[in-house]
Amino acid sequence: MTISLYNTASRTTEELRPVNDGQVGIYVCGATVQGEPHIGHLRSASVFDTLRRWLLYSGYRVTMVRNVTDIDDKILLKSIEEGREWFAHAYKYERAFTDAYDALDVLPPSSEPRATGHITEMIELISRLIEAGHAYPAQDGSADVYFDAASWSEYGALTNQKLEDMELSEGTELRGKRDARDFALWKAHKDTEPITASWPSPWGRGRPGWHIECSAMSTKYLGSNFDIHGGGLDLRFPHHENELAQSRAAGDQFANIWMHSGLLNVGGDKMSKSLGNSVFASDLFDTFSPLAVRYFLTGASYRSILDFSNEAMERSAASLERLQNFLQRARQELGADAPALPDVSDSYAGRSVDVPAEFAAALDDDLGVPRALSVVFASVSEGAKLLDSGSDRAELARIVAEVELMLDILGVNPSAEVWAGSAADAKAESALDSLVATMAKRRAEAKAEKDFATADALRDELAAAGVIIEDTADGYRYHLGEG
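What you are looking at is a predicted structure, and each value in this text was computed from that prediction instead of being measured. (Residues numbered from 1 in each chain as written. Predicted model: local features only at pLDDT ≥ 70, side-chain atom pairs only at ≥ 80, totals over all residues. Heavy atoms only, no water.)

Novice: Explain the pattern of salt bridges to me, please; I cannot follow it from the model alone.
Specialist: Should the charged atoms of two oppositely charged side chains come close, the side chains can pair. Considering all chains together, one arrives at 29 salt bridges under this definition. Arginine 66 is the salt-bridge partner of glutamate 112, the closest N and O atoms lying 3.1 Å from each other. With glutamate 112 in the loop between helix H3 (86–103) and helix H4 (119–131) and arginine 66 in strand E4 (residues 61–66), this pair connects stretches of sequence that are 46 residues apart. The class of glutamate 112 is partly exposed, set by a relative accessible area of 32%. Aspartate 179 serves as the salt-bridge partner of arginine 181, at 3.1 Å between the closest nitrogen and oxygen. Each of Asp49, Arg53, Asp105, Arg294 and Asp408 takes part in a single network of salt bridges with overlapping partners. (Salt bridge = Lys/Arg side-chain N within 4 Å of Asp/Glu carboxyl O. Helix = DSSP H or I, 4+ residues; strand = E, 2+ residues; numbered from the N terminus. Buried < 20%, exposed > 50% of the residue type's maximum accessible area, 1.4 Å probe, protein only.)

Encoded structure:
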């Protein structure tokens, strides 16, 4: 098989040529654990999990490294706001991210290094940059150390920019920098920060800059030259640009292919803290099943802008329900003849079927999930005809195995044990919504006719069943009561 991926650095689709035959090394920028995970984090995790599963199916051994940034300016600020030690704050939200990944059945990484566990490697890398003339201690006598952007002629290569064309924010201060576009490799400890958030270094006590963390951790676990560096498109500049510059300047070839998952809009607007429209994992899973969320995140081209809305989720849920219904009907029909479930833990080695050629061609071509899903639904249509006719059980079993294998590679196989109960929960929730909507309509009609006794009786009937309905300016809302 030949797998081709879009390389952000070259702006072309390139054939994957692993540094080590038969093995692919992937580094994905993980969470900066300052707060709750949001849907943008979940999209990136889902995209690279799908890539990993496809590589495993394709016969590669995959080393997936996903870091945890557990020391950072924002973590220090947020920990003060929430009233806890910075390391306890970081660990709290690291667990929240892990729970969200697990909920989506994202495979655990091969390694998940924390930044605070790799200070030695970061200091060594900074020292190499200073010795090579590409970094310098701050000129103001502090313990800051900066990368000299002008010293590296290839700076801006990842994002196709030139240093001289990069605009500076108004009011940018030089402090100890030679040039305002230089960036921090090491940050001096400040009296306003806890001493526990600093480490000794040749330049004085301090902590690493964000960019140096990923350069040091990726090369420690994958070597000075590895196959794929991934992350969200929002990380392309300055984070990944700076990573690439400092790593190459230190003498590392670094990543061969840079992959970026697309941004996420909410109701047509870019999701951002400033707009207050972030969709957090905890709220998302309260409203939709994790399987439906994973299907929504997986279904579009990974480089496209994904627009989140309740309507988009409902469309995804409807498509997923079609798959669920077919597989449930088929497995009931086949009984003991139903095929074994695919198993990603053994790289699908024990599979009884292969994926269709069209499915493979779609994923080989820059992880073309929408095309791959069209193949899945074509197989489902074929299987549904066999179910309706009641003929050729052996062929039906083959199609079920084929469909479940394809869906498992995409991380959305509703038959998988990890989703046990998810389909039933989703159907129960849909049924409850329908029943409450019917009674809410009858209640609204009674109130319009000033039949308040009937309206109150309907409300009390719902309450007796544990459903609390509330009137709002936009109609009604409901929640399940306690107890």
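Novice: I'm lost on helix H9 (residues 310–334) in this one. Help?
Specialist: Residue pairs three or four apart in sequence face the same way in an α-helix, which turns once every 3.6 residues. Between the first and last C-alpha of H9 there are 36 Å, a value that for 25 residues agrees with the 36 Å anticipated at 1.5 Å per step. Among all positions of H9, only Ala312, Met313, Ser316, Leu320, Leu323, Gln324, Phe326, Leu327, Ala330 and Leu334 are buried. Just beyond H9, the residue with positive phi is glycine 335, at close to 60°. (Expected span 1.5 Å × (residues − 1).)

Novice: Just checking my understanding: could you explain the packing of helix H8 (residues 290–299) against helix H11 (residues 369–389) for this structure?
Specialist: Any two packed helices are characterised by the angle at which their axes cross and by the distance between the axes. Taken N-terminus to C-terminus, the directions of H8 and H11 make an angle of 120°; their axes are 9 Å apart at the nearest point. Comparing the axis directions of H8 and H11 gives the class oblique. Side by side, H8 and H11 meet where Tyr295, Thr298 and Gly299 of the first sit next to Val369, Pro370, Leu373 and Phe377 of the second. Residues of the contact of H8 with H11, tallied by class, amount to five nonpolar, two polar and no charged. (Axes fitted to C-alpha atoms, helices over the stretch in contact; angles between N-to-C directions. Parallel < 35°, antiparallel > 145°, perpendicular 65-115°, else oblique. Contact = heavy atoms within 4.5 Å. Nonpolar A, V, L, I, M, F, W, Y, C, P; charged D, E, K, R; others polar.)

Novice: Whenever I open this one, the nonpolar core confuses me. Can you help?
Specialist: It is characteristic of soluble globular proteins that their nonpolar side chains tend to be buried jointly. Ranked by size, the top nonpolar core spans 135 residues in total, and within it Phe308, Phe326 and Phe359 carry the most contacts. Residues in contact with phenylalanine 308, not counting those within four places in the same chain, are Ile39, Leu264, Asn265, Val266, Gly267, Val279, Leu284, Phe288, Phe296 and Met313. Counting seven residues, the second largest nonpolar core, distinct from the first, contains Val436, Ala440, Leu458 and Ile469. (Core = buried A, V, L, I, M, F, W, Y, C linked by side-chain atoms within 4.5 Å.)

Novice: Please explain the state of the cysteines as it appears in this structure.
Specialist: Note on terminology: a disulfide is the covalent bond linking the sulfur atoms of two cysteines. Under the definition given, this model contains zero disulfides. Unpaired in terms of disulfides, cysteine 29 finds its nearest cysteine sulfur in cysteine 214, a separation of 3.8 Å. Using a relative accessible area of 0% as the deciding quantity, one classes cysteine 214 as buried. (Disulfide = S-S within 2.5 Å.)

Novice: Honestly, the side chain of threonine 219 in this entry has me stumped. Any pointers?
Specialist: Structurally, the position occupied by threonine 219 is in helix H5 (residues 210–222). At 3.3 Å, the side chain of threonine 219 and the backbone oxygen of alanine 216 are in polar contact. Other than its neighbours up to four places away in sequence, threonine 219 contacts Ser224, Asp252 and Phe254. (Polar contact = N/O pair within 3.5 Å; in protein donor to acceptor, adjacent residues only side chain to side chain.)

Novice: What should I look at first to understand the sheet that holds E4 in this one?
Specialist: For sheets, the rule is that strands pair by backbone hydrogen bonds, running either parallel or antiparallel. On the basis of which strands lie adjacent, the open sheet formed by four strands has the order E4-E3-E9-E10 and parallel pairing. Strand pairing shows two members of the sheet lacking a second neighbour, E4 and strand E10 (254–261), which therefore form its edges. Strand after strand, the sheet turns through a mean of 25° between neighbouring axes, direction not considered. Of the pairings in the sheet, the one linking strand E3 (residues 23–28) to E4 comprises six bridges and is parallel in character. Opposite valine 28, over in E4, you have arginine 66 as the bridge partner. In this fold H5 packs onto E3, E4, strand E9 (225–232) and E10, with an angle of close to 160° to the strand it touches most, E3. (Pairing = 2+ DSSP bridges.)

Novice: Looking at this structure, I do not really get the sheet that holds strand E5 (residues 135–137). What am I missing?
Specialist: The strand order across the open sheet formed by four strands is E5-E6-E7-E8, and the pairing between neighbours is antiparallel. Of all the strands in the sheet, just E5 and strand E8 (206–208) have a single pairing partner and so form its edges. Adjacent strand axes in the sheet meet at a mean angle of 20° when their direction is disregarded. Relative to strand E6 (residues 145–147), E5 runs antiparallel, the two being bridged by three bridges. When the sheet's bridge partners are listed, tyrosine 136 is paired in E6 with tyrosine 146. Lying over the sheet, H4 contacts E5, E6, strand E7 (183–188) and E8, oriented at roughly 125° with respect to E7.

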